[in-house]
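These are the residues of each chain, in order.
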Amino acid sequence: MRAFRYITVAALALASVLPATAMAATVIDADSARDGGAGSAVSVPNTPGHLECVPYARTTSGIQLYGDAWTWWGQAKGRYATGGSPRVGAVMAIKPFNNSKLGHVATVSRIVDARTVLLSHANWSVPGEIERNVTALDVSPNNDWSEVRIWYGPSRNLGNTHWPVSGFIYNAKPGTKFREAAPDRGEVRLASARDDRPAKKKGRRSDPIGDIIAGNF
């Protein structure tokens, strides 16, 4: 009887712990806004609490920076190559703006055209949520990626906010010279942001601003 009591107590204790340690983060896999939506959601194991943008960007890009997202741009100087053009695997560093007091970081998973990229990031549309291959559009007056609109899951569209961007952090040594990035028509795989579905053949978007006006976003 005593042994049975000990087993029962242990089982109850374990049951009280499991909900906290077995929490899951939602993963939204959007092939891109060109497919008309944010894809399907699945659950993946995660540590207790919700996933922040910083550890997810660190995992997907390989860039080993820590601290709040707004500090990454300053931290990168002298440690990583930086610039104003997106590249696959680079981290887009978004400045604090409006209600985003800590800024945001997101990894470029694909380049669609000169003003459109796909991002994989966490903790954006919904707290703790991972979003893969969602659209970000350059809406800066000088076409220099200093302002972007980013896919917002709840509205199933690009958000209206023009987010200020510090630039892009590349997983390379400072001073590294890159050739101009070309649009990637294939599926790009990132660590911890994999899409195992067959690649879909889509045409390149030639006029993303026109598409917005036409209501395609």
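Draft legend 1. Focus on the overall build of the protein chain. Counting secondary structure elements, the protein chain contains four helices and ten strands. Going through the 217 residues of the protein chain one by one, you find that 44% of them count as buried. Relative to all contacts within the protein chain whose residues are 6 or more apart in sequence, the contacts with residues 24 or more apart total 55%. Carbon together with sulfur atoms contributes 55% to the accessible area of the protein chain, which is approximately 11,600 Å² in total.

Draft legend 2. Looking closely at the nonpolar core. Counting residues in hydrophobic clusters, the biggest one holds 24 residues, and the most contacted among them are Met92, Val117, Leu119, Val148, Ile150 and Phe168. Listed by contribution, the elements that provide at least two residues to this core are strand S4 (91-94), strand S5 (104-113), strand S6 (116-122), strand S7 (130-138), strand S8 (147-152) and strand S10 (163-170). No other element matches the four residues that S10 contributes to this core. Ignoring any residue separated from it by four or fewer positions in sequence, one finds leucine 119 in contact with Met92, Ala106, Thr107, Val108, Ser109, Glu131, Arg132, Asn133, Val134, Ala136 and Ile150. Core analysis: the next-biggest nonpolar cluster, separate from the first, contains 14 residues, Val54, Tyr80, Val91 and Ile169 among them.

Draft legend 3. Representation of the environment of arginine 110. Residue position: arginine 110 is located in strand S5. Spatially, the C-alpha atoms of arginine 110 and alanine 90 are 10.0 Å apart, while their sequence positions differ by 20 residues.

Draft legend 4. Representation of the pairing of S6 in the model. Burial analysis of S6 places seven of its seven residues in the buried class, the great majority of the element. Alternating residues of S6 divide into Thr116, Leu118, Ser120 and Ala122 and Val117, Leu119 and His121, and every residue in both groups is buried. In this structure, S5 lies alongside S6, joined through five bridges in antiparallel fashion. Bridge assignment links isoleucine 111 to a residue of S6, and that residue is valine 117. Between S5 and S6, which pair antiparallel and follow one another directly, the connecting turn spans two residues. By the bridge criterion, six bridges tie S6 to S7 in an arrangement that is antiparallel. Residue pairing for S7: alanine 122 is matched across the bridge by isoleucine 130.

Draft legend 5. Structural detail: the environment of alanine 90. As for its position among the elements, alanine 90 is in the loop between strand S3 (81-83) and S4. A relative accessible area of 1% means that alanine 90 is categorised as buried. When the C-alpha positions of alanine 90 and alanine 106 are compared, they lie 8.3 Å apart, and in sequence the two are 16 residues distant. In this structure alanine 90 touches Ala106, Thr107, Val108, Phe168, Ile169 and Tyr170, once residues within four positions along its chain are discounted.

Draft legend 6. Broad picture of the side chain of asparagine 133. Tracing the sequence through the fold places asparagine 133 in strand S7. Its relative accessible area of 3% is what places asparagine 133 among the buried residues. Among the polar contacts made by the side chain of asparagine 133, one reaches the side chain of serine 109 at a distance of 2.8 Å.

Draft legend 7. Structural detail: unusual backbone geometry. Positive phi outside glycine occurs at tryptophan 145, with the angle close to 65°. Examined against the element boundaries, tryptophan 145 turns out to sit in the loop between S7 and S8. We note that arginine 156 has phi near 50°; this positive angle belongs to a residue other than glycine. Following the sequence through the fold, arginine 156 ends up in the loop between S8 and strand S9 (157-158). Owing to a relative accessible area of 47%, arginine 156 belongs among the partly exposed residues under this scheme.

Draft legend 8. Structural detail: helix H2 (residues 53-61). Burial runs high along H2: seven of the nine residues are buried. Three or more residues of H2 are buried, namely Cys53, Val54, Tyr56, Ala57, Arg58, Thr60 and Ser61. The elements touched by buried residues of H2 are helix H3 (72-76), S4, S5, S6 and S7. Just downstream of H2, glycine 62 is the residue with a positive phi angle, here 80°.

Draft legend 9. Up close: the pattern of salt bridges. For the structure on display, the rule yields one salt bridge. For the salt bridge of arginine 115 with aspartate 138, the shortest nitrogen-to-oxygen distance reads 3.7 Å. Linking arginine 115 in the loop between S5 and S6 with aspartate 138 in strand S7, this pair joins segments that are 23 residues apart in sequence. Of the two residues examined, arginine 115 and aspartate 138, each falls in the buried class.

So, how was this worked out
- Residues numbered from 1 in each chain as written.
- Predicted model: local features only at pLDDT ≥ 70, side-chain atom pairs only at ≥ 80, totals over all residues.
- Heavy atoms only, no water.
- Helix = DSSP H or I, 4+ residues; strand = E, 2+ residues; numbered from the N terminus.
- Buried < 20%, exposed > 50% of the residue type's maximum accessible area, 1.4 Å probe, protein only.
- Contact = heavy atoms within 4.5 Å.
- Areas by Shrake-Rupley, 256 points an atom, 1.4 Å probe, with all protein chains shown as cover.
- Core = buried A, V, L, I, M, F, W, Y, C linked by side-chain atoms within 4.5 Å.
- Pairing = 2+ DSSP bridges.
- Polar contact = N/O pair within 3.5 Å; in protein donor to acceptor, adjacent residues only side chain to side chain.
- Salt bridge = Lys/Arg side-chain N within 4 Å of Asp/Glu carboxyl O.

These figures capture arrangement, not role.
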